[in-house]
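Listed below are the residues making up each chain.
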Amino acid sequence: MRRTCVLILLVLVLIGCSPEPESFEELMIAGKKAFIDEQYAEARGYLGRAVAEQPSDHDALYYLGLSYSRDFLLDSAYFFLSRANVLYPQEREINLELLTLARALKDNKSAIRAIRVLIATGDPERQYYETLASLYSREHNLPNAYHYVRLLLKSEPENIKWSIGVAMAASNIDSVHISLRVLDSAIEKFGPLPELRSNRATFLVAANKFAEAEQEMRELHAEDTTSIPYRINLANVLATQDDQQKKEEALGIYQSLLSLDLKDFKIDSLISELEKELEP
C-alpha cells in the first residue's frame, strides 16, 4: 500500500513538474495541440507568444488567426490573417479564411480581393458571379456589378431572376434602353409575366415614356386590384405627368391607401407634395 502511494506521489510530482513551453517550437506544438483539441483560448495563449517571438512565421500567424476566428473574435482573427496574407500573398488557405471573415465583417473590398486569389488558385470564376455582383453593387461599383449579372444571365438564360437583375443593373448605369431591351426579350421568351411587366413599366417611367408606362400599370392593376404595389405604381406615374386630371386621380389613389399601414411607402408625404402641386 505504501509503495502504491509513493508511485502515485511520484507521478503527481512528475506531472506537476512538466515544463511550460518556452521555445518557439514548443509553443507551436502546444498551440497547435490546443487548437486541435478545440481549446482556442489556450491555443491563443501559446500562439500569441510564438508570434511575439517570430512575428512573420506563417503557421504562428495562421493558427493564431484561426484560434480567434473559431471563438468568433472576428476583428482579431482578421488582423492576424491579414498579416499572414501580406507576408504570404496569393495563398489559398489564408484567403479562404479571409473571405469568410470579410463577408461576416461586411468588408466588401477585402472579400473581392480574397475571391480574386481563390480564382487565381483554381476556383472557377463562375462559382463567384453572384457573390461578385452583390459585392460590387454594395461598393457602388455599378459597371462591375452589371458585368457579373450579365455573366449570370448568360450562364443561366432560363433563370428569369437574372433578366430582371440585368435590367436593374443596366438602369443603375444610366442604360435604361438596355433594361427595356432585356425585359422585352424576357417577355418574348417567358411570356407576359407580371413581374416582368411591372419592372418594364418602372423602366418606362425612367425613360420618360409615361403614356406607355401608365397603360402597362393600368393593365396590371386591372388584373390584380388587390395589389398595393400596383396601385402605388399607377398613382406614381399619374402624379409624375403634367396633367391636372391625372394628378387628381393619383391623389385619390394615395388617399385610398391612408387606412393601411404603409410606412415604407411614405403615403403622407406623397399626398402632401401632390396637394401642393394641385393648389390653384
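Our subject is the structure listed above.
Thresholds applied
Counting starts from 1 at the beginning of each chain's written sequence and moves along it residue by residue. Reporting of local features is limited, given that this is a predicted model, to residues whose pLDDT is at least 70; pairs of side-chain atoms are given and counted only at 80 or more, and all residues count toward the totals for whole chains, interfaces and linings. Only hydrogens and water are set aside when side-chain values are computed; all heavy atoms of the structure are taken into account. By definition, a salt bridge exists where a carboxyl oxygen of Asp or Glu is found within 4 Å of a side-chain nitrogen of Lys or Arg. Under the scheme used here, helices are H or I runs from DSSP no shorter than 4 residues and strands are E runs no shorter than 2 residues, and both carry numbers assigned from the N terminus. The rule is simple: take the accessible area with a 1.4 Å probe, protein chains only, and divide by the maximum for that residue type; under 20% is buried, over 50% is exposed, in between is partly exposed. Any residue with an atom within 4 Å of a point lines the site, the site being either a cavity, points on a 1 Å grid over the protein atoms alone where a 1.4 Å probe fits but cannot get out, or a pocket, an open set with protein on both sides within 12 Å along at least 5 of 7 lines. Grid points are joined across faces, edges and corners, and a volume is the space filled by probe spheres set on the points. For this scheme, ten residues count as nonpolar: Ala, Val, Leu, Ile, Met, Phe, Trp, Tyr, Cys and Pro. Four count as charged, namely Asp, Glu, Lys and Arg, and the remainder, Gly too, count as polar.

Peer 1: Tell me about the pattern of salt bridges, residues and numbers included.
Peer 2: Throughout the structure, instances matching the rule amount to 22 salt bridges. Here Arg 44 ties to Asp 71 by a salt bridge, and the two come within 2.8 Å at their closest N and O atoms. You can see Arg 44 sitting in helix H3 (residues 40-53) and its partner Asp 71 sitting in the loop between helix H4 (58-70) and helix H5 (74-87), a full 27 residues away along the chain. Residue Glu 216 is joined to Arg 197 by a salt bridge in which the shortest nitrogen-to-oxygen separation is 3.1 Å. Of this pair, Glu 216 sits in helix H13 (residues 210-223) while Arg 197 sits in helix H12 (residues 194-206), placing them 19 residues apart in sequence. Residue classification places Glu 216 among the buried positions, given a relative accessible area of 11%.

Peer 1: Give a detailed account of helix H8 (residues 129-138), specifying residues and quantitative values.
Peer 2: Of all the positions in H8, only Tyr 129, Thr 131, Leu 132, Ala 133, Leu 135 and Tyr 136 are classed as buried. His 140, located one to two residues past H8, shows a positive phi value of around 60°.

Peer 1: I'd love a proper account of empty space enclosed by the protein, names of residues and values included.
Peer 2: One pass over the structure, following the stated rule, counts 1 cavity of 30 Å³ or more. Here the largest cavity defines a volume of roughly 30 Å³. As for the largest cavity, its lining consists of Ser 198, Met 217, Leu 220, Tyr 230 and Asn 233. Each residue belonging to the lining of the largest cavity can be placed in one class, and the counts come to 3 nonpolar, 2 polar and no charged.

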